[in-house]
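# An overview of the molecular structure
Below are the chains, spelled out letter by letter.
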Amino acid sequence: QNQPTQYDRVIAIEKYVRTKIKYNESVSAPPSGRDGVDYTLFDRPEGYCNYYASAMAVLARLNGIPARVASGARTKSEQFDFGSAEFAPWVLGATM
């Protein structure tokens, strides 16, 4: 929150999430009844892109920055061959 602009706060949040959460594609799901972002940030700081994006969106919103997570795929050709697609979530928000 000590950053002068929303953009600077978003960059600080991104750096924090990248430093705090260890990338692990084979991480197990959070325990039943536990909030996934809370569990990832405070109990088991590891996960993959969905965990990073969710944590970043929640932290942005806690800092007064409107943010949402969107997921999609980008194919490597004009064919809809999802075997060669790149799937990823993105954090969308205002950075004015």
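Right above here is the structure, for reference.
So, here's what we can say about the structure. (Residues numbered from 1 in each chain as written. Predicted model: local features only at pLDDT ≥ 70, side-chain atom pairs only at ≥ 80, totals over all residues. Heavy atoms only, no water.)

Looking now at helix α3 (residues 49–62). Look at α3: 20 Å from first C-alpha to last across 14 residues, which is about the 20 Å you get at 1.5 Å a residue. Where α3 is concerned, the buried positions are Tyr-51, Tyr-52, Ala-53, Ala-55, Met-56, Ala-57, Leu-59 and Ala-60. (Helix = DSSP H or I, 4+ residues; strand = E, 2+ residues; numbered from the N terminus. Expected span 1.5 Å × (residues − 1). Buried < 20%, exposed > 50% of the residue type's maximum accessible area, 1.4 Å probe, protein only.)

Evaluated as defined, the whole model comprises two aromatic pairs. Residues Tyr-48 and Tyr-51 carry aromatic rings whose centres are separated by 4.9 Å and whose planes lie at 90° to one another, so their mutual orientation is edge-to-face. Judged by relative accessible area, Tyr-51 falls into the buried class, the value being 13%. (Phe/Tyr/Trp six-rings, centres within 6.5 Å; stacked < 30°, edge-to-face > 60°.)

On to helix α1 (residues 6–20), then. If you check α1, its first and last C-alpha atoms are 21 Å apart, about what 15 residues at 1.5 Å a residue would give, namely 21 Å. Considered for burial, the residues of α1 that qualify are Gln-6, Arg-9, Val-10, Ile-13 and Val-17. Seen end-on, α1 carries its buried residues on one side only, within an arc spanning 100°. Of the exposed residues in α1, the ones pointing more than 90 degrees away from its buried face are Lys-15, Arg-18 and Thr-19. The elements touched by buried residues of α1 are α3. (Arc of directions from axis to C-beta. Contact = heavy atoms within 4.5 Å.)

Next up on the list: the pattern of salt bridges. Per the stated rule, a full pass over the model turns up three salt bridges. In this structure, Asp-38 and Arg-34 form a salt bridge, with 2.9 Å as the shortest nitrogen-oxygen distance. A residue is classified by how much of its surface remains accessible, and Asp-38, at 31% relative accessible area, is partly exposed. The salt bridge involving Asp-43 is made with Arg-34; its shortest N-O contact spans 2.4 Å. (Salt bridge = Lys/Arg side-chain N within 4 Å of Asp/Glu carboxyl O.)

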